[in-house]
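The residues making up each chain are set out below.
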Amino acid sequence: MTPDQYCEDKAASSGSSFYYSFRFLPEERRRAITALYAFCREVDDAVDECQDLNVAKAKLAWWRGEVGRAYLGQVDHPVMRALQPHLKAFQLPQSQLEEIIDGMEMDLHMVRYQRYEDLLLYCHRVAGVVGQLAARIFGYRDERTLEYAHELGVAFQLTNIIRDVGEDARRDRIYLPMDELQRFNCPAMDILHYEESEAFQALMAFQIERAQQQYRKAWDLLPAEDRKSQRPGLLMAAIYRATLEEIRQDGPAKVLNQRLSLGTGRKLWLAWKTWTFGYQP
């Protein structure tokens with residue numbers, strides 16, 4: 001198996017919305033973004049699939065070393081072998097790859113966030129900088145596009161948090177800010193016990209609206225001249241926003257006991273529609 005095939009299999013097996021947006025890219029950009037996605041999956045799995053804290057820390061430390069070695073042209077892992085040729089071609093900063101690892105490391109220590117401002121640091125690291133790296137691979141002319149890409153990445157992460165509340169609770173993680181739980185009179189124990197209360201319903205409706213506002217904020221930052229090159233990110237936005245709408249219509253509280261995901265056919269249809277007719281903010 002070649003490094004590129006390894007990354008392709010890693011992306012395809014995840015069933016992520018990101019994978020569907022890659023299919024429309026020219027080959028070099030597709031290989032680069034697939035390798036970046038596979039890197040994110042690997043470092044995320046190093047935390048989520050490891051029960052031993054010290055082992056998880058050791059794995060992340062190894063990945064930090066592997067990132068450093070990649071910029072010296074000395075790599076071992078197939079993901080970094082696939083990504084390494086694109087680091088210079090698309091000017092991907094080493095500091096941002098390291099910052100992704102910083103974000104994953106937060107999951108080893110942070111299982112609660114007191115304020116939304118605290119959560120934003122996590123979103124910046126695990127999603128905002130990923131958005132900027134992706135924007136570089138997709139291609140851009142205006143520097144403001146990197147700001148758009150960061151905000152879009154944050155929007156994706158807010159959507160993931162909403163979708164995965166129940167799944168995260170099973171790991172004793174609550175990403176919803178504690179002060180917002182208090183504002184809506186929703187005790188953390190209700191979430192950990194998967195209670196679909198009216199208070200939790202109202203809390204989640206608030207989270208969904210904020211995420212939708214984040215998508216609108218990102219769109220407003222995207223310069224018109226880069227809308228065509230940034231279509232892959234907009235494909236993802238269309239799929240993620242459709243997911244949010246499904247959660248809203250189905251009843252936001254249900255995320256505690258089920259993980260909603262759009263079917264493959266609908267994801268492909270949304271991707272094709274957005275690629276062909278443009279993104280509708």
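Above this note sits the structure.
So, here's what we can say about the structure. These numbers come from a predicted model, not from an experiment.

Looking only at helices and strands, the protein has 14 helices and 0 strands in total. Mapped in sequence order, the helices and strands of the protein form the string α-α-α-α-α-α-α-α-α-α-α-α-α-α. Computed over the C-alpha atoms, the radius of gyration of the protein is 18 Å, within 12% of the 19 Å expected from 2.2 N^0.38 for a compact globule of 281 residues. The dimensions of the protein, computed from C-alpha atoms along their principal axes, are 55 × 50 × 35 Å. Among the 281 residues that make up the protein, the fraction classed as buried is 54%. In the protein, 72% of the contacts between residues at least 6 apart in sequence involve partners at least 24 apart. Taken as a whole, the protein presents about 12,700 Å² of accessible surface, with 48% of it coming from carbon and sulfur.

Looking now at the packing of helix α3 (residues 27–48) against helix α5 (residues 78–89). Taken N-terminus to C-terminus, the directions of α3 and α5 make an angle of 125 degrees; their axes are 9 Å apart at the nearest point. On the basis of the axis angle, α3 is oblique to α5. The interaxial crossing formed by α3 with α5 has left-handed handedness. Here E28, R31, A32, A35, L36, A38, F39 and E42 of α3 lie close against α5, whose contacting residues are V79, M80, A82, L83, H86 and A89.

An α-helical segment advances 3.6 residues per turn. Residues three or four places apart therefore align on the same side. Turning to α5, its buried residues number three or more, namely V79, M80, A82, L83, H86 and L87. Considered in projection along α5, the buried side chains sweep an arc of 155 degrees and stay on one side of the axis. Directly after α5, the chain includes Q91, whose backbone phi takes a positive value near 55 degrees.

Moving on, we get to the state of the cysteines. Enumeration according to the criterion identifies 0 disulfides in this entry. Looking at C40, it has no disulfide partner, and the nearest cysteine sulfur is the one in C7, 11 Å off. Residue C40 is classed as buried on the basis of its relative accessible area, which comes to 11%. Unpaired in terms of disulfides, C50 finds its nearest cysteine sulfur in C40, a separation of 19 Å. Overall, the relative accessible area of 16% leaves C50 in the buried class.

One recurring pattern in soluble globular proteins is that nonpolar side chains are buried together. Counting 95 residues, the largest nonpolar core has F39, I100, L176, I191 and F200 as the members making the most contacts within it. Setting aside residues up to four positions removed in sequence, L176 forms contacts with Y113, I161, V165, L181, I191, F200, L203, M204 and Q207.

Let's shift gears to the packing of aromatic side chains. Under the criterion given, the structure shown has 8 aromatic pairs. Where F39 meets W63, the ring centres are 5.8 Å apart and the plane angle is 80 degrees; that geometry is what we call edge-to-face. Taken together, the residues F39 in helix α3 and W63 in helix α4 (residues 53–70) connect sequence positions 24 residues apart. F39 sits in the buried class, given a relative accessible area of 0%. When the ring of F156 is compared with that of Y240, the centres are 4.7 Å apart and the planes differ by 45 degrees; the resulting orientation is tilted. Within this pair, whereas F156 is found in helix α8 (residues 144–163), its partner Y240 is found in helix α13 (residues 231–250), the two being separated by 84 residues in sequence.

This part is about the environment of H193. The residue H193 is located in the loop between α11 (188–192) and α12 (198–221) in this model. As for H193 and R170, which are separated by 23 residues in sequence, their C-alpha atoms are 9.1 Å apart.

Before going further, it helps to spend a moment on the pattern of salt bridges. With the rule as written, the count across this model stands at 25 salt bridges. Residue R31 pairs with E27 through a salt bridge whose shortest N-O separation is 3.8 Å. Of this pair, R31 and E27 both sit in helix α3, 4 residues apart, which is roughly one turn of the helix. Note that D48 and R173 form a salt bridge whose closest N and O atoms lie 3.0 Å from each other. Remark: R173 occurs in the loop between α9 (165–169) and α10 (178–183) and D48 occurs in helix α3; sequence separation between them is 125 residues. Each of the two residues, D48 as well as R173, counts as buried.

What counts, and where the lines are drawn
- Residues numbered from 1 in each chain as written.
- Predicted model: local features only at pLDDT ≥ 70, side-chain atom pairs only at ≥ 80, totals over all residues.
- Heavy atoms only, no water.
- Helix = DSSP H or I, 4+ residues; strand = E, 2+ residues; numbered from the N terminus.
- Rg over C-alpha atoms; globule rule 2.2 N^0.38 Å.
- Buried < 20%, exposed > 50% of the residue type's maximum accessible area, 1.4 Å probe, protein only.
- Contact = heavy atoms within 4.5 Å.
- Areas by Shrake-Rupley, 256 points an atom, 1.4 Å probe, with all protein chains shown as cover.
- Axes fitted to C-alpha atoms, helices over the stretch in contact; angles between N-to-C directions.
- Parallel < 35°, antiparallel > 145°, perpendicular 65-115°, else oblique.
- Left-handed = near helix turned anticlockwise from the far one by under 90°.
- Arc of directions from axis to C-beta.
- Disulfide = S-S within 2.5 Å.
- Core = buried A, V, L, I, M, F, W, Y, C linked by side-chain atoms within 4.5 Å.
- Phe/Tyr/Trp six-rings, centres within 6.5 Å; stacked < 30°, edge-to-face > 60°.
- Salt bridge = Lys/Arg side-chain N within 4 Å of Asp/Glu carboxyl O.

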